[in-house]
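The residues making up each chain are set out below.
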Amino acid sequence: MYEIGDYIIKAVHGLCRVEDIVHLDMSGADKSTLYYLLIPVNDQKDKVYMPTEKAAVKTRKAMTEEEAWNLIHRINEIDELTIENENVREQRYKETIRGGNPESLVGIIKMTYIRNKKREDAGKKGTAMDERYFELAENNLYSELAFALNKSKEDISDLIWREYQS
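This write-up is about the structure you can find in this document. All values derive from a computational prediction rather than experimental measurement.

So, how was this worked out
- Residues numbered from 1 in each chain as written.
- Predicted model: local features only at pLDDT ≥ 70, side-chain atom pairs only at ≥ 80, totals over all residues.
- Heavy atoms only, no water.
- Helix = DSSP H or I, 4+ residues; strand = E, 2+ residues; numbered from the N terminus.
- Buried < 20%, exposed > 50% of the residue type's maximum accessible area, 1.4 Å probe, protein only.
- Contact = heavy atoms within 4.5 Å.
- Areas by Shrake-Rupley, 256 points an atom, 1.4 Å probe, with all protein chains shown as cover.
- Expected span 1.5 Å × (residues − 1).
- Arc of directions from axis to C-beta.
- Polar contact = N/O pair within 3.5 Å; in protein donor to acceptor, adjacent residues only side chain to side chain.
- Pairing = 2+ DSSP bridges.
- Axes fitted to C-alpha atoms, helices over the stretch in contact; angles between N-to-C directions.

### Comments concerning the overall build of the protein chain
- The secondary structure content of the protein chain amounts to 6 helices and 5 strands.
- Each helix (α) and strand (β) of the protein chain, taken in turn from the N terminus, gives the series β-β-β-β-α-β-α-α-α-α-α.
- The principal-axis extents of the C-alpha atoms in the protein chain amount to approximately 60 × 35 × 25 Å.
- Considering the protein chain as a whole, with its 166 residues, one finds that 42% of them fall into the buried category.
- Of the contacts made within the protein chain by residues no fewer than 6 positions apart, 54% connect residues no fewer than 24 positions apart.
- Roughly 9800 Å² of accessible area belongs to the protein chain as shown, and the carbon and sulfur atoms make up 47% of that amount.

As structure tokens, then:
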């Protein structure tokens, strides 16, 4: 169980702070169920309520500084996401984003970067879908790394691209 003040990763919402643990007082809500009140770091005005019993499946603790550096140093070893069937591309992107695994997010970033580079080299524009999921993966990953390393997302972006290029 998380404590108030913990930082966790909730798929799609990214890095969130556990603001409170409450019973919902609204019609249709089970009054006996406890909920985490989560505030996404990237959108302080948003509120996310999640039943505490589902937290183990839908969330994880935010990376520590050591875990963040470990991931950054292993970026070149992480394979890009591979999707053989073009018809299932968006579904796999969604599943990967929902999973929230940092290595998988690196996989999306690498794959969409490579796809866009190939399209650009062929004189074509990148796809809107690739761009959307690239940005989602990048935002979720860079926000968590920035938090863990106490840096800006821009610093993290520079750091990762330098590591990837080496």
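Now, onward.
### Some details on helix α5 (residues 128–149)
- Between its terminal C-alpha atoms α5 stretches 31 Å, which fits the 32 Å expected from 22 residues at 1.5 Å a residue.
- Following α5 by one or two positions, Asn-150 has its phi on the positive side, about 55°.

### A few points about helix α3 (residues 89–99)
- For α3, the set of buried residues is Arg-89, Tyr-93, Thr-96 and Ile-97. Seen from one end, α3 has its buried residues packed into an arc of 100°, which puts them on one side.
- Lining the buried residues of α3 we find α4 (102–121) and α5.
- Where α3 terminates, the next one or two residues include Gly-100, which has phi positive at roughly 70°.

### Considering the side chain of Asp-130
- Structurally, Asp-130 is set in helix α5.
- According to the relative accessible area criterion, Asp-130 is buried, its value standing at 0%.
- Among the polar contacts made by the side chain of Asp-130, one reaches the side chain of Arg-115 at a distance of 2.6 Å.
- In this structure, Asp-130 is in contact with Arg-89, Tyr-93, Thr-112, Arg-115 and Asn-116, ignoring residues within four places of it in sequence.

### Brief notes about the sheet that holds strand β2 (residues 14–23)
- Taking strand neighbours across the sheet as the criterion, the 5 strands line up as β4-β3-β2-β1-β5 in an open arrangement whose pairing is antiparallel. Only two strands of the sheet have a single partner each, and these edge strands are β4 (48–51) and β5 (59–61). Between one strand and the next, the sheet's axes are offset by a mean angle of 45°, whatever the strand orientation.
- As defined by bridge partners, strand β3 (residues 34–40) adjoins β4 across 4 bridges and the pair is classed as antiparallel. What sits directly across from Leu-38, in β4, is Val-48.
- Where α5 meets the sheet, it contacts β1 (7–10), β2 and β5, and its direction lies at approximately 80° from that of β2.

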